[in-house]
Amino acid sequence: MTVIPTSSSESDRAERGKPRLRALLLAGSLRSARSTPIAQALGIPVGALPIDASHCSLSLLVDRLLRERIVSSVAIAVSEPTDRLLYELIAEESGYKDRVHVWADTQPHRGPAGIVRDYCDDQLPSDATFGNGLLVLECSSYMEIDFARVVSAFDPSADASVVTTRDLRPCGVVHLSHRSIVRIPQVGFYDLKQQLIKAIGDDGGKTLPLCGDFESWRISDLQSYLAVLRRRSALGELMRSPRARIDPTSILQGTVLVARDAVIQAGAFISDSAILPSAVVGDGAVIARSVIPPGTHVPSGARVVDQVFATLLAANDEVS
């Protein structure tokens with residue numbers, strides 16, 4: 001186990017200025033068995049969920065990896081070709097349209113490790129093109145990780161490096177060497193942690209936990225999504241888009257995300273909730289600990305409590 005120091009030397013920082021790694025972001029699909037309840041309820045993959053007024057969790061990862069020159073390139077792996085447009089739009093809005101490649105796996109769902117192998121076989125056919133390995137990130141979590149420190153701590157003798165919190169909880173970030181990638185079978189379902197990491201150990205390989213003062217929050221349901229929004233707000237991130245229209249007579253209490261083109265009408269009361277892009281909250285509506293999906297209209301006077309709002313609910317229904 002390697003405990004990553006809280007600071008790095010000047011030579012380490014200079015070395016980090018040379019991008020060598022490729023990054024593969026596993027965006028998944030709403031159609032996969034691993035799709036979370038919040039993603040299913042909203043019809044939005046977790047990686048595309050807004051976490052503040054400027055970012056979704058995936059666009060934040062892309063921005064940090066490229067702006068800080070952690071990697072030389074970023075690919076976003078999707079399980080359905082129909083999802084390609086969504087992630088291409090996210091890359092464009094992040095300002096990295098020409099530096100991010102969205103790749104769709106044409107094989108049946110293969111699991112995270114299977115997707116890694118399919119991507120490498122399809123996009124990186126020669127050993128030399130990924131001799132420095134691949135940084136793999138699962139986009140079902142919001143991460144607060146110092147990627148520069150992580151990369152500087154990689155051990156080239158390791159078959160795989162798993163980034164963890166200090167209490168050894170995986171953060172959803174794994175570095176795989178070429179030796180590990182070729183272990184992944186070319187057919188069938190194959191998981192990263194349950195199958196590939198185990199296979200490395202069974203074959204006498206070396207897996208290195210990289211422990212740091214990092215945090216990772218898995219976004220799976222309404223409560224975990226709202227918890228991430230509270231975290232972003234506590235960090236001082238902008239939670240109300242300049243492109244939203246908020247009536248001055250409305251009341252916003254606690255952590256409230258108001259995304260671009262959302263409309264909050266007169267007298268509305270909103271507490272600890274998320275109003276997603278182009279949603280409309282009608283006059284006098286009450287929203288508490290809830291999420292209003294993109295493009296939906298909460299009727300005037302409606303009460304929405306502890307739920308992902310559905311347009312088929314009666315105007316004054318309350319679910320608690």
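In what follows, the structure referred to is the one given above.
Residues numbered from 1 in each chain as written. Predicted model: local features only at pLDDT ≥ 70, side-chain atom pairs only at ≥ 80, totals over all residues. Heavy atoms only, no water.

Caption draft 1: Highlighting the pattern of salt bridges. Evaluated as defined, the whole model comprises 20 salt bridges. A salt bridge links Lys-193 to Glu-138; its shortest N-O distance comes to 3.3 Å. Within this pair, whereas Lys-193 is found in helix 8 (residues 192-202), its partner Glu-138 is found in strand 5 (residues 134-138), the two being separated by 55 residues in sequence. Given a relative accessible area of 11%, Glu-138 falls into the buried group. One salt bridge connects Arg-231 with Glu-144, and the closest N-O pair in it is separated by 2.8 Å. Of this pair, Arg-231 sits in helix 9 (residues 222-234) while Glu-144 sits in strand 6 (residues 141-144), and the two are 87 residues apart along the sequence. One network of salt bridges, with partners in common, ties together Asp-159, Arg-179, Arg-183 and Asp-203. (Salt bridge = Lys/Arg side-chain N within 4 Å of Asp/Glu carboxyl O. Helix = DSSP H or I, 4+ residues; strand = E, 2+ residues; numbered from the N terminus. Buried < 20%, exposed > 50% of the residue type's maximum accessible area, 1.4 Å probe, protein only.)

Caption draft 2: Structural context of the environment of Leu-137. Among the structural elements, Leu-137 can be located in strand 5. Given a relative accessible area of 0%, Leu-137 falls into the buried group. For the pair Leu-137 and Val-173, spaced 36 residues apart in the sequence, the C-alpha separation amounts to 4.6 Å. Look past the residues within four positions of Leu-137 in its chain and what remains in contact with it is Ala-23, Leu-24, Leu-25, Leu-26, Leu-61, Leu-65, Met-143, Phe-147, Gly-172 and Val-173. (Contact = heavy atoms within 4.5 Å.)

Caption draft 3: Seen up close, the sheet that holds strand 9 (residues 207-211). Strands sit in the order 1-9-7-8-5-2-3-4 across an open sheet of eight strands; the sheet is mixed. Only two strands of the sheet have a single neighbouring strand rather than two, namely strand 1 (2-3) and strand 4 (100-104). Along the sheet face, helix 4 (residues 84-93) touches strand 2 (21-28), strand 3 (71-78) and strand 4 and points at about 170 degrees away from the line of strand 4. (Pairing = 2+ DSSP bridges. Axes fitted to C-alpha atoms, helices over the stretch in contact; angles between N-to-C directions.)

Caption draft 4: Fine view of helix 8. Those residues of helix 8 that fall on the buried side of the exposure criterion are Leu-192, Leu-196, Ala-199 and Ile-200. Considered in projection along helix 8, the buried side chains sweep an arc of 105 degrees and stay on one side of the axis. Relative to its buried face, helix 8 has exposed residues pointing more than 90 degrees away, namely Gln-194, Lys-198 and Asp-202. You can read the cap of helix 8 off the contacts: a side-chain oxygen lies 3.3 Å from the backbone nitrogen of Lys-193, and it is on Asp-191. Trailing helix 8 by a residue or two, Gly-204 shows a phi angle of about 80 degrees, which is positive. (Arc of directions from axis to C-beta. Polar contact = N/O pair within 3.5 Å; in protein donor to acceptor, adjacent residues only side chain to side chain.)

Caption draft 5: Broad picture of the nonpolar core. Leu-25, Leu-58, Leu-65, Leu-137 and Tyr-225 are the most contacted members of the largest nonpolar core, which totals 63 residues. The element best represented in this core is helix 3 (residues 57-67), accounting for six residues. If near-sequence neighbours (up to four positions away) are discounted, Leu-65 is found in contact with Ala-23, Leu-25, Ile-70, Val-71, Val-74, Leu-135, Leu-137 and Phe-147. Counting residues in hydrophobic clusters, the runner-up holds 24 residues, among them Leu-24, Val-116, Val-162 and Leu-196. (Core = buried A, V, L, I, M, F, W, Y, C linked by side-chain atoms within 4.5 Å.)

Caption draft 6: Here's a closer look at helix 5 (residues 111-123). Spanning 13 residues, helix 5 covers 18 Å between terminal C-alpha atoms, matching the ideal 18 Å at 1.5 Å per step. Burial analysis of helix 5 places ten of its 13 residues in the buried class, the great majority of the element. Along helix 5, the positions that sit buried rather than exposed are Gly-111, Pro-112, Ala-113, Gly-114, Ile-115, Val-116, Arg-117, Asp-118, Tyr-119 and Cys-120. (Expected span 1.5 Å × (residues − 1).)

Caption draft 7: Examining the packing of aromatic side chains more closely. On inspection of all chains with the given rule, the structure shows two aromatic pairs. For the ring pair Trp-103 and Tyr-119, a centre distance of 5.5 Å and an interplane angle of 80 degrees mean the geometry is edge-to-face. With Trp-103 in strand 4 and Tyr-119 in helix 5, this pair connects stretches of sequence that are 16 residues apart. As far as burial versus exposure is concerned, Trp-103 and Tyr-119 are alike and both buried. Taking the centre distance of 5.6 Å and the plane angle of 25 degrees together, the rings of Tyr-142 and Trp-217 count as stacked. A residue pair is termed long-range when its members are at least 10 positions apart, and Tyr-142 in strand 6 and Trp-217 in strand 10 (residues 215-218) qualify at 75 residues. (Phe/Tyr/Trp six-rings, centres within 6.5 Å; stacked < 30°, edge-to-face > 60°.)

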